Amino acid sequence: MINNVSAGESSNKFTTCTNDEKSLSANNKTEILNTNPNRKYSAFINSSNVDITLILGDTNQGGIGKGIILNPRGSYEINANNLYLGKVTAISASICKLSFVECV
């Protein structure tokens, strides 16, 4: 679930965000975000009807079901509480789409 903290409560403010969507082909790892030392926030939304697995870091260490599993209509966010600046990759057993936003 995406937590919407009011700007007055957050110490992690940003004004530049990139919104996008990536198509995933079956059983192929797709880079979603490259390493970004300026990242302050990102969110990933599974807008499909199948599971998508997010892989943080080395893609050889992850795969279908080996990472952060996003169920259909599920979401995952990177924020000040779990700030991750490295590469994010996704994989699914079926053709689908992953929506995402990254803010700096």
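That block above? That's the structure.
About the thresholds
- Residues numbered from 1 in each chain as written.
- Predicted model: local features only at pLDDT ≥ 70, side-chain atom pairs only at ≥ 80, totals over all residues.
- Heavy atoms only, no water.
- Pairing = 2+ DSSP bridges.
- Helix = DSSP H or I, 4+ residues; strand = E, 2+ residues; numbered from the N terminus.
- Axes fitted to C-alpha atoms, helices over the stretch in contact; angles between N-to-C directions.
- Disulfide = S-S within 2.5 Å.
- Buried < 20%, exposed > 50% of the residue type's maximum accessible area, 1.4 Å probe, protein only.
- Salt bridge = Lys/Arg side-chain N within 4 Å of Asp/Glu carboxyl O.

**Regarding the sheet that holds strand E7 (residues 88-91)**
So, step 1. Strand order in this open sheet of four strands is E2-E7-E4-E5, and the pairing throughout is antiparallel. Edge positions in the open sheet fall to strand E2 (30-33) and strand E5 (68-70), since each of these has one partner strand only. Between one strand and the next, the sheet's axes are offset by a mean angle of 35 degrees, whatever the strand orientation.
So, step 2. When strand E4 (residues 52-56) meets E7, the two strands line up antiparallel, connected through four bridges. Opposite threonine 53, over in E7, you have isoleucine 91 as the bridge partner.

**Some words on the state of the cysteines**
So, step 1. Overall, the coordinates contain one disulfide when judged by the stated rule.
So, step 2. The disulfide partner of cysteine 17 is cysteine 103, and the S-S distance across this bridge is 2.1 Å. In this structure the cystine formed by cysteine 17 and cysteine 103 twists about its S-S bond by roughly 110 degrees; its chirality is therefore right-handed. Of this pair, cysteine 17 sits in strand E1 (residues 17-24) while cysteine 103 sits in strand E8 (residues 96-103), placing them 86 residues apart in sequence.
So, step 3. According to the relative accessible area criterion, cysteine 17 is partly exposed, its value standing at 35%.

**What to know about the pattern of salt bridges**
So, step 1. For the coordinates displayed, the defined rule picks out two salt bridges.
So, step 2. Across the pair lysine 97 and glutamate 21 runs a salt bridge, and its minimum N-O distance is 3.5 Å. Of this pair, lysine 97 sits in strand E8 while glutamate 21 sits in strand E1, and the two are 76 residues apart along the sequence.
So, step 3. On the accessibility criterion, glutamate 21 (39% relative accessible area) is partly exposed.
So, step 4. For arginine 39, the salt bridge goes to glutamate 102, with nearest N and O atoms at 2.7 Å. Residue arginine 39 is located in the loop between E2 and strand E3 (41-46), and its partner glutamate 102 is located in strand E8; the two are separated by 63 residues in the primary sequence.
So, step 5. Residue class for arginine 39 comes out buried when judged on its relative accessible area of 1%.
So, step 6. Overall, the relative accessible area of 13% leaves glutamate 102 in the buried class.

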